[in-house]
Amino acid sequence: MKIMNKWDDQKVKYLSSEEKKVKFQFAPVFAVLTIILISALVLNVINHSMASLEDITGIVMTSPTGGEWTQLQSGEGLAQGSWVRTYADSSVNLVFEDGSHLLIGPQSEVQIARLNSSQSGLIQLELLQNSGSIKNWVVPFSKSDSYYRIETAFGIAEVHGTIFDVMVNEDAVRFSVEAGEVQVETESDNELLESGQTATSEEGGEITEPEYEFALQGPVTEMGTPEWVVSGERSQRVSLQ
């Protein structure tokens with residue numbers, strides 16, 4: 001059995017106090033490192049949601065912040081906050097992780113204002129559309145907190161699993177629904193568009209009464225007012241193809 005003298009006892013107390021000082025000095029360092037690690041993990045989750053680019057045609061430019069523009073290349077991805085601009089005879093397909101995708105047509109400018117998507121079926125998208133046309137294919141939602149929203153200067157379209165088009169020009173925006181339903185809202189009006197319907201919103205917020213739009217193919221056998229006859233079918237709204 002070892003007997004400690006007075007000097008040994010003081011030495012032990014000194015070493016113990018120094019060890020406590022070291023632990024106290026390094027405690028803030030460990031705290032900072034922990035915060036950095038957690039922040040990195042959070043940022044990794046946030047940045048994980050990307051829009052994949054497919055079928056780039058012509059000239060398609062992007063800007064992460066709306067400043068300097070660079071040309072997009074195949075294989076790149078777009079993160080939240082990115083702007084996309086297409087030129088004449090140009091287009092790009094944006095594919096999200098839940099399976100939804102949209103086609104940005106020629107002479108369009110849009111921003112991915114918010115994006116959170118996962119292969120488990122979650123999609124949270126806010127797209128700002130300044131000009132041009134986009135066609136959207138939205139997978140039916142499997143998560144209660146999913147949403148898919150297109151914002152324009154003349155109205156907002158919000159959907160719950162559908163195929164629809166949005167075309168923006170200087171004076172108005174036109175919404176067309178191919179399948180499903182689209183809720184169109186402005187500051188003073190709102191309309192629910194169903195499959196086959198189209199409506200227009202102009203400056204001032206009024207939305208036109210939803211109308212059904214038909215596209216018939218074939219020889220025109222009769223032209224009248226207001227009806228035309230195409231391949232034996234009568235229609236008041238005819239789109240020649």
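What comes next concerns the included structure. (Residues numbered from 1 in each chain as written. Predicted model: local features only at pLDDT ≥ 70, side-chain atom pairs only at ≥ 80, totals over all residues. Heavy atoms only, no water.)

This part covers the pairing of strand β2 (residues 60–63). Looking down a regular strand, the side chains alternate between one sheet face and the other. On β2, burial covers both faces: Val60 and Thr62 on one face and Met61 and Ser63 on the other are all buried. Note: β2 against strand β5 (residues 83–86), 4 bridges, orientation antiparallel. When the sheet's bridge partners are listed, Ser63 is paired in β5 with Trp83. With 2 bridges joining them, β2 and strand β3 (residues 70–71) adopt antiparallel strand pairing. By the bridge assignment for β3, Met61 is matched with Gln71. Linkage of β2 to β3, two consecutive antiparallel strands, is achieved through a turn of 6 residues, within which Gly66 is found at a positive phi near 90 degrees. (Buried < 20%, exposed > 50% of the residue type's maximum accessible area, 1.4 Å probe, protein only. Helix = DSSP H or I, 4+ residues; strand = E, 2+ residues; numbered from the N terminus. Pairing = 2+ DSSP bridges.)

With that settled, the discussion passes to a negative patch on the surface. Taken together, the side chains of Glu170, Asp171, Glu202, Glu203 and Glu206 present a region of like negative charge at the surface. Residue classification places Glu170 among the exposed residues on the basis of a relative accessible area of 75%. (Patch = residues over 30% accessible without salt bridge, like charges linked within 9 Å, V, L, I, M, F, W, Y side chains within 5 Å. Areas by Shrake-Rupley, 256 points an atom, 1.4 Å probe, with all protein chains shown as cover. Salt bridge = Lys/Arg side-chain N within 4 Å of Asp/Glu carboxyl O. Lys, Arg positive; Asp, Glu negative; His and termini not counted. Charge placed at Lys NZ, Arg CZ, Asp CG, Glu CD.)

Next up on the list: the environment of Ser117. Its location among the elements puts Ser117 in strand β8 (residues 109–117). Along the sequence, Ser117 and Ala51 sit 66 residues apart, while their C-alpha atoms lie 8.9 Å from each other. For Ser117, the residues in contact, after removing those within four places along its chain, are Ser49, Phe96, Glu97, Asp98, Leu122 and Ile123. Of note is the side chain of Ser117, whose polar atom sits 3.2 Å from the backbone nitrogen of Glu97. (Contact = heavy atoms within 4.5 Å. Polar contact = N/O pair within 3.5 Å; in protein donor to acceptor, adjacent residues only side chain to side chain.)

Moving on, we get to the packing of aromatic side chains. Applying the stated criterion across every chain, the model contains 1 aromatic pair. Seen in terms of ring centroids, Tyr148 and Phe164 are 6.5 Å apart; in terms of plane orientation they differ by 80 degrees. Their pairing is edge-to-face. Taken together, the residues span a long stretch of sequence, with Tyr148 in strand β10 (residues 147–152) and Phe164 in strand β12 (residues 163–168) at a distance of 16 residues. You'll find Tyr148 and Phe164 in the same group, each marked buried. A cation sits over an aromatic face here: Arg85 above Trp69, 3.9 Å from the ring centre. (Phe/Tyr/Trp six-rings, centres within 6.5 Å; stacked < 30°, edge-to-face > 60°. Lys NZ or Arg CZ within 6 Å of the ring centre and 35° of its normal.)

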